[in-house]
Amino acid sequence: MATNSEVASPQMTEQLDNEEVREILKNTTDLRQYSRQIEKEFKEVENKSIEDYIAESQNIANLHNQINDCDDVLERMENMLMSFQSVLNNISTEITQLQRKSVSMSLQLTNRQSVKAQLSQFIEDMAVSEEMITIIMETPVTERDFSSQLNVLNHKLSLVKELSFKESKSTSDVSDVLHKLRLRAMTKIRSYLLEQIYKFRKPMTNYQIPQNAMLKHKFFFEFILSNERQVAQEICSEYIDTMGKIYYSYFKSYSTRLTSLKFEESCTKDDLMGIEDNASKGLFSKTTSLKHKSTIFTIGKRGDILNQQLEAPIIVPHAQLKNRYTAEALFRSEQYALVDNACREYLFVTEFFMVRGSQAQDLFNQIMGKTLTLMIKTLETAIHDCYDTIAMFLCIHLIFRYQLMCHKRCVPALDKYWDSLQSVIWPRLEHVFRLNIQSIHDCDPTKFNKELGPHYITRRYAEFSAAIVGISEHFPNELVSRLLLELQNEVECFILRMAAIFPTRKDQLIYLINNYDLVLGVLMEHTRDNSKEAEAFREQLNARSNEYVEEILAPHFGGIIQFVKECEHFFEKEQMDELRKQERRSLALVASFSANWKKSLEELNREVLLSFPSLLTGSQLLQLALASLVQYYHRFHKLLTPNARAQLTNIHVVMVEIKKYKSNY
């Protein structure tokens, strides 16, 4: 786009020419003369220019020559560059061709390497080396080289089998050799495994050693299973038959020998909780039986079998011929032996025979089934005439713990066995439990001596209940809780029936307190403080204690107590006139108290301490009675008129005297 100055240029030139013409016309009157003058000047300028050209002609010629030389140089340069351009074009074409060849060669190399790798692997997998043939044919199966070559042989057999389905012709070259090697390897492996299995049959053999040897070469069975299932089934059947007989024979013998270590005199129906002491001659007839029978209702250290002794070494019968054991101790030893052997066996068959889930369970049952049935029948026989409830309950909790132990070892195979054992024990346990309850119900209180101390049946119940509650703390059971409640109710009724044979209410309360205190003390010693049984007897003890306090205070301070109960409502209703009407009566009570209160405290102390065999219980009741006396004394003091209050013994004097009877227990 043109600028403004470029557009205006012709107009300005024309304007300047016009001005110049006007200037000439103004200064010169003759235009021809002026024209000649201008021509003359042009001529002079032309001549001078010619002279200058002539003078510079040599330089101009030189310049012309130089320009020609430059043209020649530039022409050569142009030719050279054109030649370079042609060469570069050729080089670029060659590079492109080389790149194409390189890509093609790289692809060919990759394909060849891929084919080479697959072909080499295939040839290696198919080829049968002389070393393999020699080792498979001649080397013992226990050698490491044999196991290594057996793995290779198994791989080759699998490959040939796979290729044969595809009708590959390459298999025909090696199939015959591999078949012969397979037969040779299977023959040697079969002989070795059967030899290890037959070692189990030798007497006094530690069968863990051949089992460990078989596990070390567990690939042998995998090889046979993948190549000849009939041989694998033969080996498995031989193992099942051998181990089944070994376990059956061992546990049958062990159970029989353990039975001989049982206490000679076991619990009978004459050893129930409500049976009198002199009803069973066997209970105290021999010192040996006393040592055993003392554990019928008392757990003692028998509970250790669920804790410290749970995984203790099993009892060795021939080494313990002079010792005798409780039923639960023999049961623990037998079941722990079973747990140890069964868990090891289950883990072995799952690893060696490569079975899981239901297949593992079926194989395990084929091996251990007969043995487990034997042990269930043995327990049924032993439990049929058992009257030891604590022993049966301990056996049930041993089952719980051993079942949990099996689960921790990842062995669920014994679950049905544990259920079967429980189904044997629970009915008998409930039956004997109810026999004990019925025995207490059938007790005749008139046949017992009138003694204010705790009854031996109460002690039996306390020890028995504490034992059952303590055992079932970690595995509570609804049936046991219900039976315990029935037993508790029956024992409470028995205690009340026994108390009724005493003629006075005070003796009845003493008897009740002694029995309730015994039960509560035993329960708190062996169970939690907040157990249902402890709470029930604590309530009974508190109620009877408060009633007893009222009974023993009445002979000494009954007048004051009666006065407080009759007149306290006057004070509460602010009927002071009625209280003043009782002044004569209150003065008589004050005089009687002032004269006899110290003597009464001494008699109260002596009476309480003599009534209770437990010094702690007697002391607590005495303190409760004295505290109640102080409360009545304060209430009595409020009800007195000023005259009577002035004659009453000072409360501080009474408190000083009461502190003398404070117990150190």
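Computed from a prediction, not measured in an experiment: that's the story for all the values here. (Residues numbered from 1 in each chain as written. Predicted model: local features only at pLDDT ≥ 70, side-chain atom pairs only at ≥ 80, totals over all residues. Heavy atoms only, no water.)

## Examining the packing of helix α9 (residues 229-259) against helix α13 (residues 357-384)
Under the convention used in this document: The axes are straight lines fitted to the C-alpha atoms, using for helices just the contacting stretch, and the angles between their N-to-C directions are given from 0 to 180°. Comment: elements are numbered from the N terminus, with helices defined as DSSP H or I runs of at least four residues and strands as E runs of at least two. Convention used here: angles under 35 degrees read as roughly parallel, angles over 145 as roughly antiparallel, angles from 65 to 115 as roughly perpendicular, and any remaining angle as oblique. By definition, turning the near helix anticlockwise from the far helix through less than a right angle yields a left-handed crossing, and turning it clockwise yields a right-handed one. Contacts are assigned to residue pairs with any non-hydrogen atoms lying within 4.5 Å of each other.
Here α9 crosses α13 at 15°, and the two axes come no closer than 8 Å. In terms of axis orientation, α9 runs roughly parallel to α13. Once α9 is placed against α13, the crossing between them reads as right-handed. Residues C236, Y239, I240, M243, G244, Y247, Y248, F251, K252 and S255 of α9 touch α13, and the partners they reach there are L363, Q366, I367, M368, K370, T371, L374, M375 and T378.

## Section: the side chain of N515
Position of N515 among the secondary structure elements: in helix α18 (residues 505-526). In this structure, N515 is in contact with G453, P454, H455, T458 and I495, ignoring residues within four places of it in sequence.

## Let's talk about the layout of surface pockets
For the record, the criterion: The rule is simple: put a 1 Å grid over the protein atoms alone, call a set of points where a 1.4 Å probe fits but cannot get out a cavity, call an open set with protein on both sides within 12 Å along at least five of seven lines a pocket, and count a residue as lining if it has an atom within 4 Å of a point. Grid points are joined across faces, edges and corners, and a volume is the space filled by probe spheres set on the points. Side-chain classes follow a simple rule in which Ala, Val, Leu, Ile, Met, Phe, Trp, Tyr, Cys and Pro form the nonpolar group, Asp, Glu, Lys and Arg form the charged group, and the remainder, Gly included, forms the polar group.
Its boundaries defined by the atoms lining it, the largest pocket holds a volume of some 780 Å³. Taken together, 27 residues form the lining of the largest pocket, with M204, T205, Y207, Y250 and R257 sitting closest to its centre. Of all the secondary structure elements, the ones that give two or more residues to the lining of the largest pocket are α9 and α12 (327-352). Ranked by residue count, the leading element in the lining of the largest pocket is α9, at seven residues. For the lining of the largest pocket, the per-class residue count stands at 15 nonpolar, seven polar and five charged.

## Examining helix α6 (residues 175-199)
In plain terms, the rule: To estimate the expected span of a helix, count its residues, drop one, and scale the result by 1.5 Å. Accessibility here uses a 1.4 Å probe with only protein chains present; expressed as a share of the type maximum, an area under 20% marks a residue as buried, one over 50% as exposed, and anything in between as partly exposed.
Between its first and last C-alpha atoms α6 spans 36 Å; for 25 residues at 1.5 Å apiece the expected length is 36 Å, and the two agree. Among the residues of α6, L178, L181, R182, A185, M186, K188, I189, Y192, L193, L194, Q196 and I197 are the ones counted as buried.

## Re the packing of aromatic side chains
Short version of the rule: Aromatic rings from Phe, Tyr and Trp, with only the six-membered ring used for Trp, were paired whenever their centres fell within 6.5 Å, and each pair was classed as stacked if the ring planes differed by under 30 degrees, edge-to-face if by over 60, and tilted otherwise. For a Lys NZ or an Arg CZ to count as sitting over a ring, it must be within 6 Å of the ring centre and within 35 degrees of the ring normal.
The tally for this structure, following the rule as stated, stands at 29 aromatic pairs. Judged by centre distance (6.4 Å) and plane angle (90°), the ring pair of F348 and F353 falls under edge-to-face. The exposure classification of F348 matches that of F353, with both residues buried. Residues Y461 and F537 carry aromatic rings whose centres are separated by 5.8 Å and whose planes lie at 45° to one another, so their mutual orientation is tilted. You can see Y461 sitting in helix α16 (residues 456-471) and its partner F537 sitting in helix α19 (residues 532-572), a full 76 residues away along the chain. With relative accessibility at 0%, the residue F537 sits in the buried group. Taking NZ or CZ as reference, K370 lies 4.5 Å from the ring centre of Y248, over its face. One cation-aromatic arrangement involves R428 over Y387; the distance from NZ or CZ to the ring centre is 4.8 Å.

## A few points about the pattern of salt bridges
What counts, and what does not: Throughout this description, the term salt bridge denotes a Lys or Arg side-chain nitrogen within 4 Å of a carboxyl oxygen of Asp or Glu.
Enumeration according to the criterion identifies 19 salt bridges in this entry. One salt bridge connects R190 with E234, and the closest N-O pair in it is separated by 2.6 Å. With R190 in helix α6 and E234 in helix α9, the pair connects residues that are 44 residues apart, well separated along the chain. Taking the relative accessible area as the measure of exposure, E234 reaches 30% and is therefore partly exposed. Notably, a salt bridge pairs E328 with R302, separated by 2.7 Å at the nearest N-O pair. Residue E328 is found in helix α12, and its partner R302 is found in the loop between α11 (287-293) and α12; the two are separated by 26 residues along the sequence. The same class applies to E328 as to R302, namely buried. Connected through salt bridges with shared partners, the residues R302, E328 and D388 form a single ionic network.

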